[in-house]
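Reading the structure
Residues per chain, in single letters:
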Amino acid sequence: MTAFGGVVVPGDRRGRQLGFPTANLAEVYGDEPQDGIYASIVRIGDAAVLHGATVSVGENPTFGHTAGRRIEVHIHDFARALYGAEVRVWAVRRLRATMRFSGPAELIRYSAEDIRRSRVVLLPLLRTTLPS
């Protein structure tokens, strides 16, 4: 399991437009995983509550963003704004590699499946406590 974290900053807001809002991390610390999509557990700030998440690490080739690596965290069943908050991430399992899609519709289909798979992986883990 890889652990890292960062501070939430504004992104392109594309995830929200596609139906999958993300917290974009900057000032990242810890052991960043290789590029890909991950089933993850997150802690927001000092909160005791852990949340399931699906995390994208890498470039966004579908929309022509190949100039920089990003970490985008989609927190399952969560709708609060987090700008400026610290988010700690435990990447539990790599689900797939980063891919270029033919367009938004294909990306939405894959993202929905990634989230479904992430929920299955994380279900038994969210009942346990992770190290701080």
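This report concerns the structure included in the present document. (Residues numbered from 1 in each chain as written. Predicted model: local features only at pLDDT ≥ 70, side-chain atom pairs only at ≥ 80, totals over all residues. Heavy atoms only, no water.)

Regarding the pattern of salt bridges
So the rule is basically this: By definition, a salt bridge exists where a carboxyl oxygen of Asp or Glu is found within 4 Å of a side-chain nitrogen of Lys or Arg. The helix and strand labels rest on DSSP assignments: H or I over at least four residues marks a helix, E over at least two residues marks a strand, and numbering proceeds from the N terminus.
Counted by the stated rule, this structure contains 5 salt bridges. A salt bridge links Arg 69 to Glu 32; its shortest N-O distance comes to 2.5 Å. Of this pair, Arg 69 sits in strand S5 (residues 65-75) while Glu 32 sits in the loop between strand S2 (23-30) and strand S3 (36-44), and the two are 37 residues apart along the sequence. Members of the salt-bridge network, linked through shared partners, are Glu 32, Asp 35 and Arg 69.

Quick word on unusual backbone geometry
Spelled out, the test is: Note on classification: 1.4 Å probe, protein chains only; a residue is buried when its accessible area is under 20% of the maximum for its type, exposed when over 50%, partly exposed between these limits.
In this structure, Glu 27 takes a positive phi of about 50 degrees despite not being glycine. Here Glu 27 shows up in strand S2. Note on Glu 27: relative accessible area 64%, which makes it exposed. Phi is positive for Asp 77, close to 55 degrees, though the residue is something other than glycine. Looking at the element boundaries, Asp 77 is found in the loop between S5 and strand S6 (86-96). Judged by relative accessible area, which is 67%, Asp 77 ranks as exposed.

Quick word on the pairing of S3
How we decide: Any two strands with at least two DSSP bridges between them are considered paired.
Of all 9 residues in S3, 9 are buried; the element is thus mostly enclosed. The side-chain alternation of S3 yields two buried faces, one formed by Gly 36, Tyr 38, Ser 40, Val 42 and Ile 44 and the other by Ile 37, Ala 39, Ile 41 and Arg 43. Across 8 bridges, S3 lies against strand S4 (residues 50-60) in antiparallel orientation. Bridged to Arg 43 within S4 is Leu 50.

Remarks on the nonpolar core
As a reminder of what qualifies: Buried Ala, Val, Leu, Ile, Met, Phe, Trp, Tyr and Cys residues that are joined via side-chain atoms within 4.5 Å together make up what is termed a nonpolar core. For this analysis, residues touch if any pair of their heavy atoms sits within 4.5 Å.
The biggest cluster of nonpolar side chains holds 18 residues, and the ones touching the most others in it are Leu 25, Val 55, Val 73 and Val 89. Listed by contribution, the elements that provide at least two residues to this core are strand S1 (2-9), S2, S3, S4, S5 and S6. Every residue in contact with Val 73, bar those within four places of it in the chain, is listed here: Pro 21, Thr 22, Ala 23, Leu 25, Val 42, Ala 53, Thr 54, Val 55 and Val 89. One finds Leu 50, Trp 90, Leu 95 and Val 121 within the second-largest nonpolar core, a separate group that totals 9 residues.

With respect to the side chain of His 74
Spelled out, the test is: Side-chain atoms alone can form a polar contact between residues adjacent in sequence; in general such a contact is a pair of N or O atoms within 3.5 Å, and within protein one must be able to donate a hydrogen while the other accepts it.
Among the secondary structure elements, His 74 is positioned in strand S5. One polar contact links the side chain of His 74 to the main-chain carbonyl oxygen of Pro 21, over a distance of 2.8 Å. When neighbours within four sequence positions are excluded, His 74 is seen to be in contact with Phe 20, Pro 21, Thr 22, Gly 52, Ala 53, Thr 54 and Ile 115.

Remarks on the packing of aromatic side chains
For any pair of aromatic rings, geometry is given as the distance between the ring centres together with the angle between the planes. The line we're drawing: Planes of paired rings set the category: under 30 degrees apart is stacked, over 60 is edge-to-face and the rest tilted, where pairs are Phe, Tyr or Trp rings (Trp by its six-membered ring) whose centres lie within 6.5 Å.
Following the criterion strictly, the structure yields 1 aromatic pair and no others. On the numbers, 4.8 Å between centres and 45 degrees between planes, the contact of Phe 101 with Tyr 110 is tilted.

Focus: the environment of Ala 85
By secondary structure assignment, the location of Ala 85 is in the loop between S5 and S6. When the C-alpha positions of Ala 85 and Ala 23 are compared, they lie 9.6 Å apart, and in sequence the two are 62 residues distant. Excluding its chain neighbours within four sequence positions, the residues that come into contact with Ala 85 are Gly 6, Val 7, Val 8 and Ile 44.

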